[in-house]
Amino acid sequence: MAFGASKQYFGTTGSEYPPTDETRAMTERNTSDSMPDGIDLAVEEAAPKLKRPSLYRVVLINDDFTPMEFVVEILESVFAMERNRATRVMLEVHTKGKGICGVFTYEIAETKVAQVMGVAQQQQHPLLCTMEES
């Protein structure tokens with residue numbers, strides 16, 4: 001290049017300077033040492049370990065005043081049981097003192113207990129429903 005045709009490099013950023021042999025070698029090393037696109041071991045997070053939620057049994061407690069038919073209706077409406085299964089659970093509550101209505105996560109079990117207790121109070125029955133960890 002002639003003296004008058006050369007590019008002026010004063011006051012420019014580093015990327016505008018012509019590459020030297022040293023900068024070329026550094027660039028080649030950096031690109032060959034780097035990980036494939038999108039993978040950076042120093043920043044990559046470990047996958048979270050998922051744990052199954054605790055399960056809770058919803059239990060009906062026997063009393064001497066709540067009609068058996070009402071208990072069957074509760075099991076059908078709140079727990080979506082068929083008539084035969086609801087009758088079996090009701091008889092278990094009647095003969096053994098308590099019966100398991102289902103096993104659910106905490107929030108669902110809590111909601112089911114509240115639904116049963118609400119309907120029982122509304123109908124003025126002393127039916128008791130609880131939940132216990134399984």
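Below, the structure is looked at part by part. In this numbering scheme, every chain counts its residues from 1 along its sequence in written order. Confidence filtering applies because this is a predicted model: local features only for residues at pLDDT of at least 70, side-chain atom pairs given and counted only at 80 or more, and all residues used for totals across whole chains, interfaces and linings. Each side-chain value is worked out from all heavy atoms of the structure, with water and hydrogens disregarded.

**Notes on the overall build of the protein**
Just so we agree on the cut-off: A run of H or I in DSSP becomes a helix once it reaches four residues, and a run of E becomes a strand once it reaches two; helices and strands are each numbered from the N terminus. Per-residue accessibility, obtained with a 1.4 Å probe over protein chains only, is compared with the maximum for each type, and a residue is labelled buried under 20%, exposed over 50%, and partly exposed between these values. Whether two residues touch is decided by their heavy atoms; if any such pair falls within 4.5 Å, the residues are in contact. Surface accessibility follows the Shrake-Rupley procedure with a 1.4 Å probe radius. Residue values consider only the protein chains on display as shielding.
Across its full length, the protein holds 4 helices and 3 strands. Starting at the N terminus and walking to the C terminus, you meet the elements of the protein as α-β-α-α-β-α-β. Buried residues in the protein amount to 21% of all 134 residues. Across the protein, every contact between residues at least 6 apart in sequence was considered, and the portion connecting residues at least 24 apart equals 69%. By element, 54% of the accessible surface of the protein is carried by carbon and sulfur atoms, the whole surface being about 10500 Å².

**Focus: unusual backbone geometry**
Leaving glycine out, the prevailing phi sign among residues is negative, and the prevailing peptide bond configuration is trans. A positive phi is found at Ala-80, a non-glycine position, where the angle reads about 55°. With respect to the element layout, Ala-80 can be found in the loop between helix 2 (68–79) and helix 3 (83–96). For Ala-80, a relative accessible area of 67% gives the class exposed. Even without glycine at this site, Gln-124 takes up a positive phi of about 60°. Position of Gln-124 among the secondary structure elements: in the loop between helix 4 (106–122) and strand 3 (128–133).

**Concerning the nonpolar core**
The cut-off we apply is this: Definition of nonpolar core: a set of buried residues of the types Ala, Val, Leu, Ile, Met, Phe, Trp, Tyr and Cys, connected through side-chain atoms within 4.5 Å.
Core analysis: the biggest nonpolar cluster contains 22 residues, and Leu-60, Leu-75, Phe-79, Val-116 and Leu-127 have the highest contact counts within it. Sorting the residues of this core by element identifies strand 1 (55–61), helix 2, helix 3 and helix 4 as the ones contributing at least two each. Of the residues forming this core, the biggest block, 7 residues, is contributed by helix 2. In this structure, Leu-127 is in contact with Leu-60, Ile-61, Asp-63, Thr-66, Phe-70, Val-71, Ile-74, Val-116, Met-117 and Ala-120, ignoring residues within four places of it in sequence.

**Considering helix 3**
Heads up, the condition is: Each helix should span, by expectation, one fewer than its residue count multiplied by 1.5 Å. Read the arc as the range of directions from the helix axis to the C-beta atoms.
Between its first and last C-alpha, helix 3 extends 20 Å over 14 residues, near the 20 Å set by a 1.5 Å rise per residue. Taken together, the buried positions of helix 3 are Ala-86, Val-89, Met-90 and Val-93. The buried side chains of helix 3 occupy one side of the element, clustering within an arc of 100° when seen end-on. Residues of helix 3 that are exposed and angled more than 90 degrees away from the buried face: Asn-84, Arg-88, Thr-95 and Lys-96. In this structure, the buried residues of helix 3 make contact with strand 1, helix 2 and strand 2 (98–105).

**Quick word on the packing of helix 2 against helix 4**
Think of two packed helices as two axes; the pair is described by the angle between the axes and how far apart they sit. Let me state the cut-off plainly: A fitted line through C-alpha atoms serves as each axis, taken over the contacting stretch for helices, and the angle formed by two N-to-C directions is quoted from 0 to 180°. Small angles under 35 degrees read as roughly parallel and large ones over 145 as roughly antiparallel, with 65 to 115 read as roughly perpendicular and the rest as oblique. Here is the rule for handedness: rotate from the far helix to the near one, and if that takes an anticlockwise turn smaller than a right angle the crossing is left-handed, while a clockwise turn gives right-handed. When residue character is reported, Ala, Val, Leu, Ile, Met, Phe, Trp, Tyr, Cys and Pro are called nonpolar, Asp, Glu, Lys and Arg charged, and the others, Gly included, polar.
Orientation of helix 2 relative to helix 4, taken along the N-to-C sense of each, is 140°, at an axis distance of 11 Å. By the criterion of interaxial angle, the relationship of helix 2 to helix 4 is oblique. Handedness of the crossing formed by helix 2 with helix 4: right-handed. Residues Phe-70, Ile-74, Val-78 and Phe-79 of helix 2 form the contact with helix 4, whose participating residues are Lys-112, Gln-115, Val-116, Val-119 and Ala-120. Class assignment of the residues belonging to the contact of helix 2 with helix 4 gives a composition of 7 nonpolar, 1 polar and 1 charged.

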